[in-house]
Amino acid sequence: MTAPSIRNVSEREARQVAEAAREQAWRKPSFAKELFLGRFRLDLIHPHPTPAADDVRRGEKFLATLREFCETEVDGARIEREGRIPDETVNGLKELGALGMKIDPKYGGLGLTQVYYNRALALAGSASPAIGALLSAHQSIGVPQPLKLFGTQEQKETFLPRLARTDISAFLLTEPDVGSDPARLATSAVRDGDDYVLDGVKLWTTNGVVADLLVVMARVPASEGREAGKGSKGGITAFVVEGDAPGVTVENRNAFMGLRGLENGVTRFHQVRVPAANRIGPEGAGLKIALTTLNTGRLSLPAMCAGTGKWCLKIAREWSAAREQWGHPIARHEAVGAKISFIAATTFALEAVVDLSSQMADENRNDIRIEAALAKLYGSEMGWRITDELVQIRGGRGFETADSLAARGERAVPAEQALRDMRINRIFEGSTEIMHLLIAREAVDAHLSVAGDLIDPDKSLADKSRAAARAGGFYARWLPRLVAGPGQLPRTYQEFGELAGHLRYVERSSRKLARSTFYAMSRWQGKMETKQGFLGRIVDIGAELFAMSAACVRAEHLRLTSDHGREAYQLADAFCRQARIRVEELFGRLWTNTDALDRKVVAGVLGGSYSWLEEGVIDPSGDGPWIADATPGPSLKDNARRPIR
């Protein structure tokens, strides 16, 4: 049983809405885009970009202040136990200026770079993942970032000073029946004089329970004859909404497997009047604003994953040296040692990916939309594996809660909490499956630009003829370059010493990846978008190659600038050797897999052919619809909003 859908759309309409929201132009170079096209542009990331001295000074000063606060004022165990960040802790963060880390100093913020903002999130998130989530949702996807990119000067002057010091913000897009398919979005915003009137329900509103300001995505209906005689196409539009506006009701504070201090809820809008001056950008630009905001906003999540990796490495090192089995510390047993090696090498790579992507974002020389998406995808997947391996290394103690460990006299290590908290990252801000499709679309953009009309069933013969001519010229120039490259020359990248071979492997694999993509497009043409298993593997290969590149470049940078160059080279070498095994497996699975058989099994499952296999168990689930009814109207529940003052 499901609630009736408020807005039904066709597959074609959904695809058109998503495509219209994409940032389609490529005005700056992109390392990852070139990598998927078989062009290994090492010059775009090496030498490793570095922050300005003043940015380092300000960033390190704030990190020191934040560290002292987290060590003395943050009780992560209490937050986990009570399921709430104490008001005094949030107010302390406000006093530090943590709400304004990314806001320009002229509006009262700290003006930290993306690099130091991410390091601050990793630090705060290690003290309490709920605090990391609160700060990230407020600044990475909440009101400050879209205002910074798309707001008017008046909007910035009105809202940013509040957001820098006192007001918490939230981002409201998802609805009970709307996830990664925004064409179904049903919350409406109808123009009425100088206002818009909002009606609808938003789900999973991170920070929504305590937020003072909301950025809300709502659908404006098309109209005629408005605004100096001009009609409006309407569409999904972004608004800044006061959290305490009449008609705004937080109907529920949601509870989750992890992140128990997360202030996440269900928010209903009933006849909420929002001044037209609070609209961000033009009507219909909401999704584009959201996606552009996420281009760098996604980097906060892998930053916190890298922070968790650092903590896992610390615990694995200390525990594996102290715990003995069969006459040796368990770290000396190969089965455990392999896990520790994976944790160390992968943590090094995750930090390399985040730092490189963040520094490129700060320099603004490259288009990093693919790099940021790869960082989110790779960070969340590998961060989960790192944490899972720590729980395995800890054994029964990894499954036991920190409170239980402390009660019987052992160190209160919250490994099981870390696993629960980490799990959401594979879903937050675009699930792994959606990230695969999003990155794949960008990765094949060059092909669709020249040959898209060839596989579009709605295009005329004339359009297809012109597309064939364009495609012929493009592939005549592009395909020969995929045959041979510098990765086949034994002395290429020799300045990287023992890591040079890994970079040559990346270059060769980049060309192989591009050839594989071309073969697939030739084979499946218009059906390519349905081959999600293949596309996911293509993206996963690209993610591994990007991480290998970042790890090598970071190791070389540390060799030249720090006292840990030799150790960095060892970690980069270990990571690249592990990654190469994964890449070879993924290449093999491009063409040898069970995708076709899986589709048959799925059809059987949905058709009831295997329902007999479900017999012999009891379903403990409660009754009720799979998706809650989100019909617009007045709220019938008490307001669960809890502003922090």
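Computed from a predicted structure; not experimentally measured.

Caption draft 1: A look at the nonpolar core. One finds L374, F496, L545 and F575 to be the most contacted residues of the largest nonpolar core, which totals 90 residues. The element best represented in this core is helix α22 (residues 532-561), accounting for 16 residues. Leave out the neighbours within four places in its chain, and L545 touches L35, Y505, V506, S509, S510, L513 and V583. Residues I79, L99, Y116 and L134 belong to the second largest nonpolar core, which totals 31 residues.

Caption draft 2: Spotlight on the side chain of K202. With respect to the helices and strands, K202 occurs in strand β3 (residues 195-206). On the basis of relative accessible area, K202 is assigned to the buried category, the value being 0%. At 3.0 Å, the side chain of K202 forms a polar contact with the side chain of E175. Setting aside residues no more than four positions away along its own chain, K202 makes contact with L172, L173, T174, E175, L185, T187, V216, M217, G265, V266, T267 and F269.

Caption draft 3: Focus on the layout of surface pockets. Within this model, the second largest pocket holds a volume of roughly 820 Å³. Along the walls of the second largest pocket sit 31 residues, with Q145, K148, L149, T296 and N364 positioned nearest its centre. Among the elements that make up the lining of the second largest pocket, the one with the highest residue count is helix α8 (residues 144-150) (four residues).

Caption draft 4: Fine view of the pattern of salt bridges. Scanning all chains against the criterion turns up 46 salt bridges. Among the ionic pairs, E88 bridges to R78, the shortest N-O distance being 3.3 Å. Here R78 lies in helix α4 (residues 76-82) and E88 lies in helix α5 (residues 87-96), a separation of ten residues in the sequence. A cluster of three or more residues bridged by salt bridges with shared partners is formed by R84, D87, R253, E263 and R642.

Caption draft 5: Structural detail: the packing of helix α12 (residues 300-322) against helix α14 (residues 369-394). Between α12 and α14, whose axes approach to 9 Å, the crossing angle comes to 20°. Overall, the two elements α12 and α14 adopt an arrangement that is roughly parallel. Helix-helix and strand crossings are classified by hand; for α12 and α14 the assignment is left-handed. Of α14, the residues touching α12 (which contributes L301, P302, C305, T308, G309, W311, C312, I315, A316, W319 and S320) are A375, K376, G379, S380, I386, T387, L390, I393 and R394. A class-by-class count of the residues in the contact of α12 with α14 yields twelve nonpolar, six polar and two charged.

Caption draft 6: Structural detail: a nonpolar patch on the surface. The grouping of L597, V601, V602, V605, L606, Y610, W612 and L613 at the surface amounts to a nonpolar patch, some 840 Å² of accessible area in total. For Y610, the location among the structural elements is in the segment after α24 (595-607). Overall, Y610 belongs to the partly exposed group, its relative accessible area being 33%.

Caption draft 7: How the structure looks around the environment of G588. When you line up the elements, G588 lands in helix α23 (residues 565-591). Counting along the chain gives 51 residues from G588 to R537, while the straight-line C-alpha distance between them is 9.8 Å.

Caption draft 8: How the structure looks around helix α3 (residues 53-73). The end-to-end C-alpha distance of α3 is 30 Å, a good match for the 30 Å that 21 residues give at a rise of 1.5 Å each. Turning to α3, its buried residues number three or more, namely G59, F62, L63, L66, F69 and C70. Within α3, the buried residues cover an arc of 130° as seen down the axis, which keeps them to one side. Away from its buried face by more than 90 degrees, α3 exposes A53, K61, E68, E71 and T72. Looking at the buried positions of α3, the neighbouring elements they touch are α5 and α6 (114-127).

Caption draft 9: The packing of aromatic side chains, seen in detail. Tallying each qualifying case throughout the model produces 13 aromatic pairs. Each ring, one from W524 and one from F534, has its centre 5.2 Å from the other, and the planes form 80°; the classification is edge-to-face. In this pair, W524 is assigned in helix α21 (residues 500-524) and F534 in helix α22, connecting sequence segments ten residues apart. Under the relative-accessibility criterion, W524 is labelled buried at 18%. Through a chain of ring-to-ring contacts, the aromatic side chains of F474, Y475, W478, F518 and Y519 assemble into a single cluster. Across from the ring centre of W26, 5.2 Å away, lies the NZ or CZ of K33, which sits over that ring.

Caption draft 10: Inspection of α6 at higher detail. Helix length check: α6 (14 residues) gives 20 Å between terminal C-alpha atoms against 20 Å at 1.5 Å per residue, within 8%. The buried fraction of α6 amounts to eleven of the 14 residues, a majority that puts the element mostly inside the structure. Those residues of α6 that are buried lie in contact with α3, α7 (129-141), α11 (286-297), α12 and α13 (334-363).

Caption draft 11: Layout of unusual backbone geometry. In this structure, the amide linkage connecting H46 to the following residue, P47, adopts the cis form with an omega of 0°. The phi dihedral of L259 is positive, around 45°, even though this residue is not glycine. Position of L259 among the secondary structure elements: in the loop between β6 (248-253) and β7 (264-275). Located in the positive-phi region is E429, a residue other than glycine, with phi close to 50°. Among the structural elements, E429 can be located in the loop between α17 (415-423) and α18 (432-443).

Caption draft 12: Quick peek at the confidence of the model for the chain. On average, the chain scores 93 in pLDDT, and the residues at 70 or more come to 95%. Here residues 1-5 is modelled with pLDDT under 50, and outside its nearest four sequence neighbours on either side it reaches twelve contacts, counting other chains as well.

Caption draft 13: Representation of the environment of G109 within the structure. Position of G109 relative to the elements: it lies in the loop between α5 and α6. Residue classification places G109 among the buried positions, given a relative accessible area of 11%. In sequence terms G109 and I45 are 64 residues apart; their C-alpha atoms lie 30 Å from each other.

The rules behind these values
Residues numbered from 1 in each chain as written. Predicted model: local features only at pLDDT ≥ 70, side-chain atom pairs only at ≥ 80, totals over all residues. Heavy atoms only, no water. Core = buried A, V, L, I, M, F, W, Y, C linked by side-chain atoms within 4.5 Å. Buried < 20%, exposed > 50% of the residue type's maximum accessible area, 1.4 Å probe, protein only. Helix = DSSP H or I, 4+ residues; strand = E, 2+ residues; numbered from the N terminus. Contact = heavy atoms within 4.5 Å. Polar contact = N/O pair within 3.5 Å; in protein donor to acceptor, adjacent residues only side chain to side chain. 1 Å grid on protein atoms, 1.4 Å probe; cavity = no way out; pocket = protein on both sides within 12 Å on 5 of 7 lines; lining within 4 Å. Points joined across faces, edges and corners; volume = space filled by probe spheres on them. Salt bridge = Lys/Arg side-chain N within 4 Å of Asp/Glu carboxyl O. Axes fitted to C-alpha atoms, helices over the stretch in contact; angles between N-to-C directions. Parallel < 35°, antiparallel > 145°, perpendicular 65-115°, else oblique. Left-handed = near helix turned anticlockwise from the far one by under 90°. Nonpolar A, V, L, I, M, F, W, Y, C, P; charged D, E, K, R; others polar. Patch = residues over 30% accessible without salt bridge, like charges linked within 9 Å, V, L, I, M, F, W, Y side chains within 5 Å. Areas by Shrake-Rupley, 256 points an atom, 1.4 Å probe, with all protein chains shown as cover. Expected span 1.5 Å × (residues − 1). Arc of directions from axis to C-beta. Phe/Tyr/Trp six-rings, centres within 6.5 Å; stacked < 30°, edge-to-face > 60°. Lys NZ or Arg CZ within 6 Å of the ring centre and 35° of its normal. pLDDT = per-residue confidence, 0-100.

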